[in-house]
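# Coordinate inspection notes
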Amino acid sequence: MTIEEVQARLRAAQARMGREGRFALTLSLDGREECYITYWFRPEPHAFEDCRAVGSGTLNECLDALDRYVAENGVRDEAPVLMAAE
């Protein structure tokens with residue numbers, strides 16, 4: 001997988017989160033094939049950024065964890081259901 005493909009996956013995940021926050025991918029430089037992904041966001045407009053661990057391990061494990069994280073926490077595509085008044 002090229003870095004451009006990884007960047008595209010991260011951008012797509014950010015879009016599914018509603019463009020809120022940002023994902024960061026960190027790669028090890030000691031010869032091991034390890035990395036981790038974190039999600040940085042502001043819980044309130046004037047708050048400091050907070051960070052959540054998304055996944056760690058190989059690149060494929062991290063990208064799988066990214067997909068699961070977005071599926072659980074992303075913006076829902078369905079429109080809100082309006083209740084009729086009785």
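Note: the structure precedes this text.
Our subject in this report is the structure included herewith. (Residues numbered from 1 in each chain as written. Predicted model: local features only at pLDDT ≥ 70, side-chain atom pairs only at ≥ 80, totals over all residues. Heavy atoms only, no water.)

### Side note on the overall build of the chain
Helices and strands together make up the secondary structure of the chain, namely two helices and three strands. For the chain, the sequential pattern of α-helices and β-strands runs α-β-β-β-α. Across the 86 residues that make up the chain, the buried fraction comes to 23%. A sequence separation of at least 24 residues applies to 33% of the contacts in the chain between residues at least 6 apart. Total accessible area computed for the chain in this model is approximately 6700 Å², and 52% of it derives from carbon and sulfur atoms. (Helix = DSSP H or I, 4+ residues; strand = E, 2+ residues; numbered from the N terminus. Buried < 20%, exposed > 50% of the residue type's maximum accessible area, 1.4 Å probe, protein only. Contact = heavy atoms within 4.5 Å. Areas by Shrake-Rupley, 256 points an atom, 1.4 Å probe, with all protein chains shown as cover.)

### Brief notes about the packing of helix α1 (residues 3-16) against helix α2 (residues 59-73)
Running from amino to carboxyl end, α1 crosses α2 at an angle of 15°, the nearest separation of the two axes being 10 Å. Judged by the angle between their axes, α1 and α2 are roughly parallel. Crossing geometry of α1 relative to α2 is assigned as left-handed. Along the contact surface, α1 presents V6, R9, L10, A13 and R16, while α2 presents L59, L63, L66, D67 and V70. When its residues are assigned to classes, the contact of α1 with α2 shows seven nonpolar, no polar and three charged. (Axes fitted to C-alpha atoms, helices over the stretch in contact; angles between N-to-C directions. Parallel < 35°, antiparallel > 145°, perpendicular 65-115°, else oblique. Left-handed = near helix turned anticlockwise from the far one by under 90°. Nonpolar A, V, L, I, M, F, W, Y, C, P; charged D, E, K, R; others polar.)

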